[in-house]
Amino acid sequence: MRASRLNDFSRLCIHTITTRPWSIEEAIEKYAAAGVTGISVWRDSLVGRDIANIGNRIRSLNLEIVSTVRGGFFPNIDETARKDAIADNIQCIEDSSVLGSPLVVLVCGASEKQDLSESRDQIKAGIDAVLPYAQESGVKLAIEPLQPMYADTRSAVNTIKQANEIAEYFDSQFLGVAVDVYHVWWDPDLESEIQRCGKQGKLFAFHICDWLTPTVDMLNDRGLMGDGCIPLSRIRSWMESAGFSGYNEVEIFSNKYWAGDQDEFLNKIKEAYIKHS
Ligand code: ZN
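Treat the numbers as computed from the prediction; the structure is a model and nothing was measured.

Some thoughts on the state of the cysteines
Next, step 1: Scanning the entire structure with this criterion turns up 0 disulfides.
Next, step 2: With no disulfide of its own, C108 has C92 as its nearest cysteine by sulfur position, at a separation of 13 Å.

So, in structure tokens, the structure goes:
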């Protein structure tokens, strides 16, 4: 199936980290003025702010809050640190509720000091501990599988299949999966696992950017849509045929773009979104 073309910005969401040099206040104004319709709010942008006010400001400009980024980072060899992580996730859920954000993205975490299997057990335990708070607050949680190159410290959940298995294990309508093309584009099971996730009603989010060759920084060298090798519109067509109708969320960490003019970058995002997403 070929993806229908995107010809407007009615499903364009931008993650605040994408325009990191802008404060949350600037990002809100600039996105709204540019005709962007969704915003995913990174927690660092909320530090020192009145969160309810920020939520009201976003809504007053007809922007939709798509998600809060991010919770997770459950595994640790130290039990106190694991408890702290759970407390921080509960705080993240509460903040999301105050902000008016319907979803928390979970970057589940990992530790190079222990086996991946141990980290995976701790991720399940962490989700088990925070899921009741999510349900009570009406805020959903999305497990985001991360590239295996991050399996040492960022996530022991590395494929959609693993994320699906965890989500199915808990069988809660408050727990689903965030599909980020940067992390999963290479997976031979991608299409079938997207379908599986969609069948369960667990496709909660879709993050887009591109994979650059060569990638010069493992974290902060993501490309604009169309500048790399990710078959983005094909993956989007799989999402849509699996029932996903939410936002296409642009999430780009880039030392290169952060060093440049953010207004120009925002224009490039809009252009790439229509041409290459
Ligand atoms: Zn993402």
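Some words on the side chain of N248
Next, step 1: With respect to the helices and strands, N248 occurs in strand β8 (residues 248-250).
Next, step 2: Relative accessible area serves as the criterion here: at 1%, N248 is assigned to the buried category.
Next, step 3: Sequence-distant contacts of N248, defined by excluding residues within four places in its chain, comprise L6, R11, L12, C13, F206, I208, R236 and Y273.

Some words on the coordination of the zinc ion
Next, step 1: For the zinc ion, the protein coordination sphere consists of E144 (OE), D180 (OD), H207 (ND1) and E251 (OE), at 2.0 to 2.3 Å.
Next, step 2: Taken in chain order, the donor set of the zinc ion reads E-x35-D-x26-H-x43-E. Here E144, found in the loop between β5 (140-143) and α5 (160-170), pairs with D180, found in strand β6 (residues 175-180); they are 36 residues apart in sequence, far enough to count as distant. Comparing E144 with D180, the two get one shared label, buried.

Description of the pattern of salt bridges
Next, step 1: In the structure shown here, the tally under the stated rule is 12 salt bridges.
Next, step 2: With a shortest N-O distance of 3.0 Å, R43 and D88 are connected by a salt bridge. With R43 in the loop between β2 (38-42) and α2 (51-60) and D88 in helix α3 (residues 79-99), this residue pair connects regions lying 45 residues apart in the sequence.
Next, step 3: For the salt bridge of R196 with E193, the shortest nitrogen-to-oxygen distance reads 3.2 Å. Pair noted here: R196 and E193 are both in helix α7 (residues 190-199), with a separation of 3 residues, about one helical turn.
Next, step 4: Judged by its relative accessible area of 23%, R196 is partly exposed.
Next, step 5: Beyond isolated ion pairs, a larger network of salt bridges with shared partners links R11, R236 and E240.

Points about the environment of L106
Next, step 1: Within the secondary structure layout, L106 lies in strand β4 (residues 103-107).
Next, step 2: For L106, a relative accessible area of 0% gives the class buried.
Next, step 3: The spatial distance from the C-alpha of L106 to the C-alpha of N56 is 24 Å, given a sequence separation of 50 residues.
Next, step 4: The contact partners of L106, leaving out residues within four places of it in the chain, are G71, G72, F74, N89, I127, L141, A142, I143 and E144.

Description of the packing of aromatic side chains
Next, step 1: Following the criterion strictly, the structure yields 8 aromatic pairs and no others.
Next, step 2: Where F206 meets F244, the ring centres are 6.3 Å apart and the plane angle is 70°; that geometry is what we call edge-to-face. With F206 in strand β7 (residues 203-208) and F244 in the loop between α8 (232-241) and β8, the pair connects residues that are 38 residues apart, well separated along the chain. Like F244, F206 is buried.
Next, step 3: Following the ring pairs from residue to residue traces out a cluster consisting of Y182, W185 and W211.
Next, step 4: Above the ring of W258, the side-chain terminus of R20 is found at 4.0 Å from the ring centroid.

Digging into the packing of α2 against α3
Next, step 1: Put simply, α2 and α3 touch, their axes get as near as 7 Å, and they point 45° apart. Relative to α3, the element α2 lies oblique. Here I51, A52, I54, G55 and R59 of α2 come into contact with α3, specifically with D95, V98 and L99.
Next, step 2: Among the residues making up the contact of α2 with α3, the classes are represented as 5 nonpolar, 1 polar and 2 charged.

Notes on the sheet that holds β5
Next, step 1: In spatial order, the strands read β1-β2-β3-β4-β5-β6-β7-β8; together these 8 strands close into a barrel with parallel pairing. Within this sheet the neighbouring strands show an average axis-to-axis angle of 30°, counted without direction.
Next, step 2: In this sheet, strand β3 (residues 64-72) lies alongside β2 in parallel orientation, the contact comprising 5 bridges. Paired with V41 across the bridge in β3 is T68.
Next, step 3: Docked against the sheet, helix α10 (residues 262-276) engages β1 (12-15), β7 and β8, running at close to 140° with respect to β1.

Scoring rules and cut-offs
Residues numbered from 1 in each chain as written. Predicted model: local features only at pLDDT ≥ 70, side-chain atom pairs only at ≥ 80, totals over all residues. Heavy atoms only, no water. Disulfide = S-S within 2.5 Å. Helix = DSSP H or I, 4+ residues; strand = E, 2+ residues; numbered from the N terminus. Buried < 20%, exposed > 50% of the residue type's maximum accessible area, 1.4 Å probe, protein only. Contact = heavy atoms within 4.5 Å. Donors = N, O, S within 2.8 Å, 3.2 Å for Na, K, Ca; no water. Salt bridge = Lys/Arg side-chain N within 4 Å of Asp/Glu carboxyl O. Phe/Tyr/Trp six-rings, centres within 6.5 Å; stacked < 30°, edge-to-face > 60°. Lys NZ or Arg CZ within 6 Å of the ring centre and 35° of its normal. Axes fitted to C-alpha atoms, helices over the stretch in contact; angles between N-to-C directions. Parallel < 35°, antiparallel > 145°, perpendicular 65-115°, else oblique. Nonpolar A, V, L, I, M, F, W, Y, C, P; charged D, E, K, R; others polar. Pairing = 2+ DSSP bridges.

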